[in-house]
Amino acid sequence: MPFRTMIPPFAASIALSAAHVLAEPSPPLAFETALDVATGERRIERIAVLRDGETHTYGPDKWVTPTVAGYAQAPARIVVALGTPGHPTLPAGLQSETGADLPATPEGAGRLAVLTDDVVNSVLLNIAEDREGLILDFDGGLINGPGADLVIAELSLPAGGISAACPGVEAPGADAMIVGIPGGALLEIPSGSFSDFGPVGTLVNHGNLELGEADVRLESLDAITGAEMRPLAVVSYFKTHVVTVDLSDLDIEPGGSVNRVTLRSTGAEVETEEGPRLCWTSDPAFVAGLPAG
């Protein structure tokens, strides 16, 4: 099995202790989406942020879009690995129970595009907490301009919701994460730093049953692009949680730039009704930089 691995202990706590925490909530002023009722895609149309006391608005033609250079899944024993849009009329639940005809699983590099497209209900689920879950490269560099430089949308249950993966434990809302610069600073973004920008819409989750085993996860680009997957379930209860990051909080000087940014979960093992489980691992749906000017 090319993606079977044992999980190194203590790595997550070491990474977390090295990160400083975002001091203030930092959502965008607006994160506008529109639902295509014919396809179920919820597309991001505009992002508004405050820079030097003025509101600046950016559409898809202005975003600095990264490429996914590395990936690792959390050892959460969850059988799904990515999500894609579903038609709003699809019945929620397991495909095996509903018998619904679900969209096919994307193949190859199309699985990585769920993070970098302009669709908020396409997502990489449960990124790693004990290593970089995502490595993102910005061709030409992402410049530290005034105010927000990076926008991250993460899909989660509403605050207080209960997940089948962590029965009996209330969700915090957004899943906390750590943003980092390789060889540089790490910034922990708590759940409360995200803002809820509304329903995700219908999401079709894809994966395979083997991912529910204790020592199995996808931990490379080849693994996630090449693993055998199929559509397993439809969910319609996720919310879109969004935060911005100022590169100054990662110790980048004004006008300086970075070529690579990393993301990882800060999920922790908690006691659930069915025993200890790794809960609240991050599900990033969109990451893009903003132009410096």
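Before reading further, recall that the structure is shown in the block above.
Note that the coordinates shown come from a computational prediction; the quantities given were computed from them, not determined experimentally.

Visitor: Please provide a residue-by-residue account of the packing of aromatic side chains, values included.
Guide: Following the criterion strictly, the structure yields four aromatic pairs and no others. Ring geometry for tyrosine 237 versus phenylalanine 238: centroids 5.4 Å apart, planes at 85°, classification edge-to-face. The exposure class assigned to tyrosine 237 is partly exposed, which follows from its relative accessible area of 46%. Ring pairing ties together the aromatic residues Phe31, Trp63, Phe197 and Phe286, which thus form one cluster.

Visitor: Requested: an account of the sheet that holds strand E2 (residues 30–35), with residues and values cited.
Guide: Read across the sheet, three strands follow the order E2-E3-E4 without closing on themselves; strand pairing throughout is antiparallel. Edge positions in the open sheet fall to E2 and strand E4 (54–58), since each of these has one partner strand only. Ignoring which end each strand starts from, the neighbouring axes of this sheet average 20° apart.

Visitor: I'd like a rundown of the sheet that holds strand E5 (residues 67–71), residues and numbers included.
Guide: The strand order across the open sheet built from six strands is E1-E12-E11-E17-E9-E5, with neighbouring strands paired in mixed fashion. At either end of the open sheet lies a strand with only one pairing partner, and these are strand E1 (20–21) and E5. Here strand E11 (residues 177–180) pairs with strand E12 (residues 186–189) via four bridges, running antiparallel. Of the residues in E12, the one forming a bridge with glycine 180 is leucine 186.

Visitor: Before we move on, can you summarise the pattern of salt bridges with the specific residues and values?
Guide: Summed over all chains, the structure comprises eleven salt bridges. Among the salt bridges present, the one from arginine 43 reaches glutamate 41, with a minimum N-O distance of 3.2 Å. Note on arginine 43: relative accessible area 32%, which makes it partly exposed. Judged by relative accessible area, which is 22%, glutamate 41 ranks as partly exposed. The partner of aspartate 130 in a salt bridge is arginine 131, with the nearest N and O atoms 3.6 Å apart. Looking at aspartate 130, the relative accessible area reads 8%, which means it is buried. For arginine 131, a relative accessible area of 22% gives the class partly exposed.

Visitor: Which residues make up unusual backbone geometry, and what are the values?
Guide: Backbone geometry at aspartate 52 places phi at a positive 50°, although glycine is not the residue there. Note that aspartate 52 resides in the loop between strand E3 (42–51) and E4. What makes aspartate 52 exposed here is its relative accessible area of 69%. Although it is not a glycine, asparagine 126 adopts a positive phi angle of roughly 60°. Secondary-structure assignment places asparagine 126 in the loop between strand E8 (123–124) and strand E9 (134–143).

Visitor: Account for the environment of alanine 69, naming residues and giving values.
Guide: Tracing the backbone shows alanine 69 in strand E5. For alanine 69, a relative accessible area of 31% corresponds to the partly exposed category. It is 24 Å that separates the C-alpha atoms of alanine 69 and aspartate 215, two residues lying 146 residues apart in sequence. Leave out the neighbours within four places in its chain, and alanine 69 touches Ile135, Asp137, Leu221 and Arg260.

Visitor: How would you summarise the pairing of E2 if you had to cite specific residues and measurements?
Guide: In the sheet, E2 pairs with E3 via six bridges, with the strands oriented antiparallel. Bridge pairing in E3 links phenylalanine 31 to isoleucine 47.

Visitor: Could you give me a rundown of the environment of isoleucine 152, with the residues and numbers involved?
Guide: Relative to the helices and strands, isoleucine 152 resides in strand E10 (residues 150–156). Judged by relative accessible area, which is 0%, isoleucine 152 ranks as buried. Along the chain, isoleucine 152 and asparagine 121 lie 31 residues apart, while their C-alpha atoms are 13 Å from each other.

Criteria and cut-off values
- Residue positions within a chain follow its written sequence, with the count starting from 1.
- Two thresholds apply to this predicted model, a pLDDT of at least 70 for residue-level local features and 80 or more for giving and counting side-chain atom pairs, whereas whole-chain, interface and lining totals are computed over all residues.
- Remark: hydrogens and water are excluded; side-chain values derive from all non-hydrogen atoms of the structure.
- Stacked, edge-to-face and tilted are the three classes for Phe, Tyr and Trp ring pairs, Trp counted by its six-membered ring, which pair at centre distances within 6.5 Å; planes under 30 degrees apart are stacked, over 60 edge-to-face, the rest tilted.
- Here's how the labels work: a residue is buried when its accessible area is under 20% of the maximum for its type, exposed when over 50%, partly exposed in between, all with a 1.4 Å probe on protein chains only.
- Strands are labelled as partners when DSSP assigns at least two bridges between them.
- A helix here means a DSSP run of H or I that spans at least four residues, while a strand means a run of E at least two residues long, and both kinds are numbered starting from the N terminus.
- Axis lines are fitted through C-alpha atoms, for helices just across the contact stretch, and the angle between N-to-C directions can take any value from 0 to 180 degrees.
- What counts as a salt bridge is simple: a side-chain nitrogen of Lys or Arg found within 4 Å of a carboxyl oxygen of Asp or Glu.
- In this analysis, two residues are considered to be in contact whenever any of their non-hydrogen atoms come within 4.5 Å of each other.

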